[in-house]
Structure formats: structure tokens, C-alpha cells
Amino acid sequence: MLIDELPTPCVLIDRQRLLRNVRDMQKKADENGVRLRPHTKTHKSVQLASIQIDEGAAGLTVAKPSEAEVFVDAGFDDIRLAYSTVGEDKWHRVLKLMDRARISFCVDTPEGAQAASDFFQSHNAKAEVLVEVDPGYGRCGVPWNRHTSEDFVAFVRDLPGLSLSGILTHAGHSYKPPEHEAESISDAIRRVAIEESGHMLSFASRLKKKGIVGPENFEISIGSTPSIRHFENSTRDGFTITEIRPGNYVFHDAVQQALSVASWDQCSMTVLTTVTSKHRTGKGVDKLFLDAGKKVFTSDTGYGTSGYGVMLYNPSRRQPLPHARITGLSEEHGWVQVSGGSTLAVGDRVQVVPNHACVVAAQQARLFVIENDTVVDTWNVDARGCLV
Ligand code: PLP
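A quick note: this is a predicted structure, and the numbers were derived from the prediction, not measured.

### Some details on the overall build of the protein chain
For the protein chain, the helix and strand inventory stands at eleven helices and 21 strands. At 22 Å, the protein chain has a C-alpha radius of gyration in line with the 21 Å of a compact globule built from 388 residues. In terms of overall dimensions, the protein chain has C-alpha extents of about 70 × 50 × 35 Å along its principal axes. The long-range share in the protein chain, meaning contacts at least 24 apart out of those at least 6 apart in sequence, stands at 69%. Only carbon and sulfur atoms are counted for the fraction: they give 47% of the accessible area of the protein chain, which is about 16200 Å².

### Observations concerning the side chain of K44
Following the sequence through the fold, K44 ends up in the loop between strand 2 (35-36) and helix 2 (46-54). Residues in contact with K44, not counting those within four places in the same chain, are E67, F71, A362, N380, V381, D382, A383, R384 and C386.

### Focus: the site of the ligand
In the vicinity of the ligand, 14 residues are found, and the nearest of them are K41, R139, Y175, T225 and G247. Between the ligand and K41, the relevant distance is 2.7 Å, taken from an oxygen atom to a side-chain nitrogen or oxygen of the residue. Contact between the ligand and Y175: an oxygen atom at 2.5 Å from a side-chain N or O atom of the residue. When the free accessible area of the ligand is taken as 390 Å², the share hidden by the protein chains comes to 90%.

### Remarks on the confidence of the model for the protein chain
On average, residues of the protein chain carry a pLDDT of 97, and 100% of them reach 70 or more. At the low end of the mean pLDDT range in the protein chain sits strand 16 (residues 319-320), at 96; at the high end sits strand 3 (residues 60-62), at 99.

### Points about the nonpolar core
In terms of nonpolar packing, the biggest core is built from 95 residues, with F105, F120, V131, L162 and F251 touching the most fellow members. Once residues within four sequence positions are removed from consideration, V131 is found in contact with V107, V142, F152, V153, V156, L164, G166, I167 and L168. Core analysis: the second largest hydrophobic core is formed by eight residues, I3, L6, L272 and F368 among them.

### Quick notes on unusual backbone geometry
With an omega of 0 degrees, the peptide bond running from T8 to P9 counts as cis. Mapped onto the elements, P9 comes out in the segment before strand 1 (10-14). Although it is not a glycine, N124 sits at a positive phi angle of roughly 50 degrees. Positioned with a positive phi, D237 is a non-glycine residue whose angle comes to about 50 degrees. Structurally, D237 can be placed in the loop between strand 10 (235-236) and strand 11 (239-240).

### Some details on the pattern of salt bridges
Across all of its chains, the model carries 31 salt bridges by this definition. Residue D265 is joined to R17 by a salt bridge in which the shortest nitrogen-to-oxygen separation is 2.8 Å. Of this pair, D265 sits in the loop between helix 9 (254-258) and strand 13 (269-280) while R17 sits in helix 1 (residues 15-31), placing them 248 residues apart in sequence. Looking at D265, the relative accessible area reads 32%, which means it is partly exposed. A salt bridge links K27 to E31; the nearest nitrogen and oxygen atoms lie 3.5 Å apart. Of this pair, K27 and E31 both sit in helix 1, four residues apart, roughly one helical turn. Assigned by exposure class, K27 and E31 land together as exposed. A single network of salt bridges, built from pairs that share partners, joins R35, R37, D78, R80, R102, E128, E219 and E243.

### A short note on the packing of aromatic side chains
Scanning all chains against the criterion turns up seven aromatic pairs. Aromatic pair F119 and F120: ring centres 5.1 Å apart, planes at 85 degrees, arrangement edge-to-face. Residue F120 is classed as buried on the basis of its relative accessible area of 0%. Among the aromatic side chains, those forming a connected cluster through ring pairs are W91, F105, F119 and F120.

### Here we look at the packing of helix 5 (residues 110-122) against helix 6 (residues 147-157)
As a packed pair, helix 5 and helix 6 sit with axes 10 Å apart at the nearest point and diverge in direction by 5 degrees. With respect to helix 6, the element helix 5 is oriented roughly parallel. Two secondary-structure elements touch here, helix 5 through P110, A113 and Q114 and helix 6 through F152, F155 and V156. Of the residues in the contact of helix 5 with helix 6, the class split is five nonpolar, one polar and no charged.

### A word on helix 7 (residues 185-209)
Note on helix geometry: an α-helix contains 3.6 residues per turn, so any two residues three or four positions apart are oriented the same way. Over its 25 residues, helix 7 runs 36 Å from end to end, which matches the ideal 36 Å to within 8%, given 1.5 Å per residue. Looking one or two residues beyond helix 7, the residue adopting positive phi is G211, at roughly 75 degrees.

### Quick notes on the packing of helix 4 (residues 88-98) against helix 5
In the contact formed by helix 4 and helix 5, the axes pass within 11 Å of each other and the chain directions differ by 50 degrees. One finds that helix 4 runs oblique with respect to helix 5. Here helix 4 and helix 5 pass one another in a crossing that is right-handed. The residues of helix 5 that touch helix 4, namely those facing E88, W91, H92, V94, L95 and M98, are G112, A115, A116, F119 and F120. Counted by class, the contact of helix 4 with helix 5 contains eight nonpolar, two polar and one charged residues.

### Some thoughts on the state of the cysteines
Under the definition given, this model contains zero disulfides. Cysteine C140 is unpaired, with the sulfur of C106 as its nearest cysteine sulfur at 9.1 Å. The class of C140 is partly exposed, set by a relative accessible area of 36%.

The rules we used
Residues numbered from 1 in each chain as written. Predicted model: local features only at pLDDT ≥ 70, side-chain atom pairs only at ≥ 80, totals over all residues. Heavy atoms only, no water. Helix = DSSP H or I, 4+ residues; strand = E, 2+ residues; numbered from the N terminus. Rg over C-alpha atoms; globule rule 2.2 N^0.38 Å. Contact = heavy atoms within 4.5 Å. Areas by Shrake-Rupley, 256 points an atom, 1.4 Å probe, with all protein chains shown as cover. Near = heavy atom within 4 Å. Polar contact = N/O pair within 3.5 Å; in protein donor to acceptor, adjacent residues only side chain to side chain. pLDDT = per-residue confidence, 0-100. Core = buried A, V, L, I, M, F, W, Y, C linked by side-chain atoms within 4.5 Å. Buried < 20%, exposed > 50% of the residue type's maximum accessible area, 1.4 Å probe, protein only. Salt bridge = Lys/Arg side-chain N within 4 Å of Asp/Glu carboxyl O. Phe/Tyr/Trp six-rings, centres within 6.5 Å; stacked < 30°, edge-to-face > 60°. Axes fitted to C-alpha atoms, helices over the stretch in contact; angles between N-to-C directions. Parallel < 35°, antiparallel > 145°, perpendicular 65-115°, else oblique. Nonpolar A, V, L, I, M, F, W, Y, C, P; charged D, E, K, R; others polar. Expected span 1.5 Å × (residues − 1). Left-handed = near helix turned anticlockwise from the far one by under 90°. Disulfide = S-S within 2.5 Å.

Listed below in C-alpha cells is the structure:
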């Protein structure tokens, strides 16, 4: 089947670009002596996860137990929930999966950890957990630099229903703008990357000094796509980073391009849309409407983006269409302005690199895998809608 025969809007994955991204990240992991445990929230696809494992990934990351179920049902046997997992409904699902796979999850509060321990102990089980650490992002996790955080690790270590295997962090602030004018975006991400691994090693080393844990078999898990771009492993007091968990890198997107983490050529995902309407405004600006709106693109923006995705003039070369901006989205429409007028006509098809590939994939039932103009495969988004 040719791309032209696909119904729009739909999501295309350029197989060669995707494979290159998968292999580049695996190489990065291998060169730094860490295991790659990709975050599958980016694609939620069994077939894509299989490619990641075949290329050398050591296991998978998910956020929610229902996602873990999809991957365990498909035969994956080592899944980490990089998420503070709370609630008996969740722990029940984890417990059931523990018979079939190695499953671990995060804890970051005494009440959450205590309740999890009580639950698993009452079922004569011990669940593998990692303490989530906040490296400065400000989302979940115990602060990396407080003594109370060290006490929390000791508390978790001693809980009878839990088995502590390490510490885990996510430097989500690698997506934030530079802190001051003199800092470039690449320098800002490099700063966060150095802090992400440095803070974790420093925290681990303090845990050792207090006699809480030792470096042997102690897992230190980090990662976001921007911070891993600048990651270089190191060792402190016998500890080293053992695992990275980037997700977005398989697709990259307009945000990663704006952050200088990826080039347009590395963006493997595009949204195929049709121009459904065209109007001249009289100020030399053409208004076009695409058949993809918020429900396809989401309204995510990000540092350095201009609009809601980047339209391509030449999709195979990933060349952006000059003067065209997706200035707005309603549920089913993409609003485009082309200054100086557009050669696009009603019925023409356009490929768009989305701002945030992970949320785009999550809303599709399937992804169309392409080589040049041909659809060579279809991957189901198996864990679509798995939010619990
Ligand atoms: N780990 C956790 C806990 C995350 O929340 C995320 C992303 O949201 C990742 C890893 C992967 O980050 P990225 O999508 O930047 O690769």
C-alpha cells in the first residue's frame, strides 16, 4: 500500500529513522556501561518494544500497572513502573504480574511505602521497589539533598513487604528553558544532565556513609531523552549509574529539535493530514485547515516551538515548509497560516512533525510504518488507553 492510499489523519513512522534512533541510543548505553530500559509510554507498542529488546534493551519501563499487563501478556519479563505506585487496586495487579515477570515500582512517601509493604506482606509477598528521588525537577521523589531522604531509604529497606533494589530519578527539567541569557539551550540541558547523574551518585554515596546501602547490586536509574543526550557515566564511592530510561528518542519530535537534542532528520514520526479548506485573508496570508486538530496533535507546546507542529515541504528529506505555521487547533481542525500565500490546494496531503510524539502515539489505534512512499507494516498501539 502507498502512503497516498491511507485515510487521514494518521500517524506514520519512518522505519529507517526509527531503527537509527533505537540503535544510536543502544550504542550510547553500551558505551557508558549502563542497561537501557526504554520508557514505553512513548509508543505503547509491543512490536516497537520487541525491536528495542532485540537491539539490546535490558527490560522495559512503563508508568502504570495496566501497561505492564499488556507487555507481560506479550511475553516481556522485566518491567519497571517508573512511577510512585499507590493503591490496593494497583498493588493487586502488580502482585498478579509478579508470578510471571520481574516487576518493580517506585515509592516516595512513608505512608505510600508502608501501605505497599502491608499489602504485599499480607499476601506473603515481597515487592521490588526503588526509591524515587527528585533531582531538582520538583515533581515526585524525595529531595536528593536532604538527610530525611536518607532516613526514608533506610525506612524502605527495613519494610518487610518490600525489597529495595535502588534509587530512580527523572530529570524532567531537561525540557526547561536556559536559566539566564548567557546560557545556550544545549548548555542548560548539559547542566541538568550533569546534575541528574551527579546528584544520584552523591545521594548514593551519602547512603553508604551512613551504612544504609552499599554499591553492590544497587541500581541507580536515570533518564529523559534530553538529559541522556549529554550523559556520561562516572563512578563515586563504588556506585555507578546502572540504567537509563529515555522514551521519546525512538521518535523525537519538534520539541527535541527545538532543544537541539535531535535534528529534523532524526524525527521518525509524522502526522499525515489533508488540507480540507483554504482561504485568502487579503493580507497576503493564506489560511489553510488540516483534518487533524487537538485530538491528534494535542495542544502540547514546548521550549522553542512555534505553533503546534511543523509542516514539511519535503517529507523524505524532512525539510520544513517555509512561512507556514500551525497557529491553532480546534478539536478536529488544524489552523494554518502561510504568509506570502501557499501553493497547497484543497485535497493536498501534508506531513507534520508533531510537537510531542508520545501523546500523539498514545491516541492512535495503530501506527503506519513506512519506507519511502510505501506502507511496510502496521503496529498496534497495544497499551492505548491503559491509564490505571
Ligand atoms: N522516566 C520517567 C519517570 C518519565 O516520566 C519519563 C518521561 O515522562 C521518562 C523516563 C522518559 O523521558 P523522555 O520522554 O524525555 O525520554
